[in-house]
Amino acid sequence: MKRELPISDDLIRCVCVFNSHEDFSVYEAIYVGYDDNLNLVIMCEHIDYDEPDYDCATYALLSKHEAVRLARRLKVTLLNLPLEIANSMSEWDEIVCPLPSDIRNCFKEITECLIYEGCHFRIHRKPATNGYITC
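Being a predicted model, the structure only gives us computed values, none of them experimental. (Residues numbered from 1 in each chain as written. Predicted model: local features only at pLDDT ≥ 70, side-chain atom pairs only at ≥ 80, totals over all residues. Heavy atoms only, no water.)

Asker: Account for the sheet that holds strand β1 (residues 12-19), naming residues and giving values.
Answerer: Backbone hydrogen bonds hold the strands of a sheet together, and the pairing may be parallel or antiparallel. Read from one edge of the open sheet, five strands run β1-β2-β3-β4-β5, paired in antiparallel fashion. Bordering the open sheet on either side are β1 and β5 (122-126), each of which pairs with just one other strand. Across the sheet, the mean angle from the axis of one strand to that of its neighbour is 20°, orientation sign disregarded. The pairing of strand β4 (residues 56-62) with β5 spans five bridges and is antiparallel. (Pairing = 2+ DSSP bridges. Helix = DSSP H or I, 4+ residues; strand = E, 2+ residues; numbered from the N terminus. Axes fitted to C-alpha atoms, helices over the stretch in contact; angles between N-to-C directions.)

Asker: Run through the packing of aromatic side chains, naming residues and quoting values.
Answerer: Under the defined criterion, the tally for this structure stands at two aromatic pairs. With 5.8 Å between their ring centres and 45° between their planes, F18 and W92 make a pair best called tilted. In this pair, F18 is assigned in strand β1 and W92 in the loop between α2 (81-88) and α3 (100-116), connecting sequence segments 74 residues apart. By the burial criterion, F18 is buried, and W92 matches it. Note on Y54 and Y132: the rings are 5.5 Å apart at their centroids and 70° apart in plane angle, and the pair reads as edge-to-face. Linking Y54 in the loop between β3 (40-48) and β4 with Y132 in the segment after β5, this pair joins segments that are 78 residues apart in sequence. Owing to a relative accessible area of 30%, Y54 belongs among the partly exposed residues under this scheme. (Phe/Tyr/Trp six-rings, centres within 6.5 Å; stacked < 30°, edge-to-face > 60°. Buried < 20%, exposed > 50% of the residue type's maximum accessible area, 1.4 Å probe, protein only.)

Asker: Please set out α3 residue by residue, giving values where relevant.
Answerer: Its 17 residues give α3 an end-to-end C-alpha distance of 24 Å, which sits within 8% of 24 Å, the value for a rise of 1.5 Å per residue. A positive backbone phi angle near 85° is found at G118, which sits one or two residues after α3. (Expected span 1.5 Å × (residues − 1).)

Asker: Mind laying out the state of the cysteines, listing which residues take part and the relevant values?
Answerer: Scanning the entire structure with this criterion turns up zero disulfides. Of all cysteine sulfurs in the structure, the one in C113 sits closest to C119, which takes part in no disulfide; the separation is 10.0 Å. Judged by its relative accessible area of 7%, C119 is buried. (Disulfide = S-S within 2.5 Å.)

Asker: Summarise the pairing of β4; cite the residues concerned and give the values.
Answerer: Most of β4 is tucked away: seven of the seven residues are buried. Burial along β4 is two-sided: the residues C56, T58, A60 and L62 and A57, Y59 and L61 are all buried.

If you want it as structure tokens, here you go:
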């Protein structure tokens, strides 16, 4: 049986890193938190209010062991790791009216930072019902 991919509402200790302007018909946001197995999840969710067939998500998944190593390297507790990741991306908040493309660029920067820190992770995608993938 194929495991259902999480959504942001499923995450534990979930922090919103960055989101697009809420008045647009397409909304994207990046969330960081833990799944039920304490794996670190960095998720980019795509919501299309006009055409829900485009709703999808892409996320990077770090095992709990990788998350512990990252927290040690960053000198934070495991519980504060999602907030630390969000704080490290605070310069993105200076964009006045962020577009979904800005959210995808921020997600790319986060994954590049994970690679720089030596983290091993997997990218998972939950495509839209029509096959669309956000990033």
